[in-house]
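Descriptive analysis of the structure
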Amino acid sequence: MEGSVKLNCPIKGGQSKSEGRVRYLDSFRGFAIILVVMGHLIQSNYASGIHNHIFNVIYGFHMSMFFFISGFSRSLEESRKGMISTAGDLMRYIWSKFLTILLPSVSWTLIVPLFFSDELSWDSRISAFWFLNVLFAVSVIWGIFSFIDGRLPKGRIWFRISALLAVAVVFVVGFKRIPLFYLMMFVLGYVFSSQDLMTKIPRAVFSAAFLLLCLIAGYYVYGYNPYGSPDRIWLMMPISVLASFALIYFFRIADERWEYFSRFLSFVGKYTLGIYLCHFMLVDIGFLAQAEVCMGVWLQVFVLSVLAILIALCCIGIQKVFSAFPYLGGILYGKWQGGGR
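Now for a description of the structure that goes with this document. (Residues numbered from 1 in each chain as written. Predicted model: local features only at pLDDT ≥ 70, side-chain atom pairs only at ≥ 80, totals over all residues. Heavy atoms only, no water.)

1. Observations concerning the overall build of the protein
Scanning the protein for helices and strands turns up 15 helices and 2 strands. Taking 341 residues into account, the globule formula puts the C-alpha radius of gyration at 20 Å, and the protein, at 20 Å, falls close to it. Counting across all 341 residues of the protein, residues that qualify as buried make up 50%. Carbon and sulfur atoms make up 68% of the accessible area of the protein, which totals about 16800 Å². Computed over 28 positive and 17 negative side-chain charges, the inter-centroid distance for the protein is 10 Å. (Helix = DSSP H or I, 4+ residues; strand = E, 2+ residues; numbered from the N terminus. Rg over C-alpha atoms; globule rule 2.2 N^0.38 Å. Buried < 20%, exposed > 50% of the residue type's maximum accessible area, 1.4 Å probe, protein only. Areas by Shrake-Rupley, 256 points an atom, 1.4 Å probe, with all protein chains shown as cover. Lys, Arg positive; Asp, Glu negative; His and termini not counted. Charge placed at Lys NZ, Arg CZ, Asp CG, Glu CD.)

2. Some points on helix H14 (residues 297–323)
Between its first and last C-alpha atoms H14 spans 38 Å; for 27 residues at 1.5 Å apiece the expected length is 39 Å, and the two agree. The set of residues buried in H14 consists of Gln-300, Val-303, Leu-304, Leu-307, Ala-308, Ile-311, Ala-312, Cys-315, Ile-316, Gln-319 and Ser-323. (Expected span 1.5 Å × (residues − 1).)

3. Quick word on a nonpolar patch on the surface
A surface patch of nonpolar side chains, amounting to about 590 Å² of accessible area, comprises Phe-264, Phe-267, Leu-299, Phe-302, Val-306, Leu-310 and Leu-313. The set of elements that each furnish at least two residues to the nonpolar patch consists of helix H11 (259–269) and H14. Counting residues per element, the nonpolar patch draws most heavily on H14, which supplies 5 residues. Along the chain, Leu-310 falls in helix H14. Assessed through its relative accessible area of 47%, Leu-310 is described here as partly exposed. (Patch = residues over 30% accessible without salt bridge, like charges linked within 9 Å, V, L, I, M, F, W, Y side chains within 5 Å. Salt bridge = Lys/Arg side-chain N within 4 Å of Asp/Glu carboxyl O.)

4. Here's the deal with unusual backbone geometry
A positive phi angle, close to 50 degrees, is found at Lys-176, a residue other than glycine. Looking at the element boundaries, Lys-176 is found in the loop between helix H6 (157–172) and helix H7 (177–194).

5. A closer look at helix H9 (residues 203–216)
Taking 1.5 Å of rise per residue, 14 residues should cover 20 Å, and H9 covers 20 Å from first to last C-alpha, within 8% of that figure. Of all the residues in H9, the buried ones are Phe-206, Ala-209 and Leu-213. All buried residues of H9 project into a common sector of 55 degrees when viewed along the axis, lining one side. Away from its buried face, by an angle of more than 90 degrees, H9 presents the exposed residues Ala-204, Leu-211 and Leu-215. Structurally, H9 contributes buried residues whose contacts are with H7, helix H8 (197–200) and helix H10 (233–257). (Arc of directions from axis to C-beta. Contact = heavy atoms within 4.5 Å.)

6. Describing the packing of aromatic side chains
Note on aromatic pairs: each is described by the distance of the centres and the angle between the planes. Per the stated rule, a full pass over the model turns up 35 aromatic pairs. Centroid distance Tyr-59 to Tyr-222: 5.3 Å. Interplanar angle 75 degrees. Geometry classified as edge-to-face. Of this pair, Tyr-59 sits in helix H2 (residues 53–59) while Tyr-222 sits in the loop between H9 and H10; the two residues are 163 residues apart in sequence, bridging distant segments of the chain. Tyr-222 matches Tyr-59 in its accessibility class, with the two residues each being buried. (Phe/Tyr/Trp six-rings, centres within 6.5 Å; stacked < 30°, edge-to-face > 60°.)

7. Looking at the nonpolar core
Counting residues in each nonpolar core, the largest one holds 99 residues, and the members touching the most others are Leu-41, Phe-192, Ile-248, Ile-275 and Leu-288. If we ignore the near neighbours within four places in the chain, the residues touching Ile-275 are Ile-33, Val-37, Val-268, Ala-312, Cys-315 and Ile-316. (Core = buried A, V, L, I, M, F, W, Y, C linked by side-chain atoms within 4.5 Å.)

8. Some points on the pattern of salt bridges
Evaluation of the coordinates by the stated rule reveals 9 salt bridges. The salt bridge partner of Arg-74 is Glu-78, with a shortest N-O separation of 3.3 Å. Here the residue Arg-74 and the residue Glu-78 both occupy positions in helix H3 (residues 62–81), the gap between them amounting to 4 residues, near one helical turn. Owing to a relative accessible area of 6%, Glu-78 belongs among the buried residues under this scheme. Of the charged contacts in the structure, one is a salt bridge between Glu-256 and Arg-252, with a shortest N-O distance of 3.6 Å. With Glu-256 and Arg-252 both in helix H10 and 4 residues apart, the pair spans about one turn of that helix. Glu-256 sits in the exposed class, given a relative accessible area of 51%. Taken together, the shared-partner salt bridges in this structure form one network comprising Arg-74, Glu-77, Glu-78 and Lys-81.

Next comes the structure, spelled out in structure tokens:
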């Protein structure tokens, strides 16, 4: 849920420019955060909860796409600023990720629960927002890899192969398998952008990816407890790759053909971090429990989408209020220099 990369150079490969941002990436991110809110609406209100079919379809790919987008954005940022080449660059990079990702996560765990509270009690956890914790770890791992890779001789393919094999071995033995998969999605997004695969891959491949996504996404099962089944990763992997490839292509095309649709989603996409942090307080909607009983699947999807959009807009409004005060925008939202994240 990192903010879109601001570009000062001409945009290549069909990327559109809006207020210095890559608009179709913001649209993609906006779509993904709406799915997050929809999933939590189901989890918080439906009797079936995590066993709901719509929930399982959403959870097959929605969080993985954020890592794909983050890797894609990192590649664009490196093309603008350059690689991490010195120890100072690495420290500044890690510090910036701490300020913009981890600090808001910790603040919303320790500080925000005290707002308007009638008792003084702190959460014993360092942070309750797992996605931001994993994203911070993935970003730091990538920064260290990039730093080491940049300081080796040009014939450094052996280092990349060794790193790939190390990740593969750790993944196979089952250690932190799902976070490692998110690291893989980050790298995939980076490669997709750095190699300009959007223009190199035939359009038929994106069409096939979308078709396969529609055919297999419904078979994904999250699990039978709030933490999910570790075995879900084996179907989550192909679904996430197919969704990332198909949907980034779709939003690229949508940016060119459906301007108002793209503008709205890109507006939402600029505030994904704030929506993610805040929406948990707004998803408990009692009457929504009746939707599962009284409505068909597609009508449920429509109602959930409308509610998710309204909740997202409320979260954006709350962020704008707090961001008007000096430093609060940074502490709570990682927004230190103006502009939405």
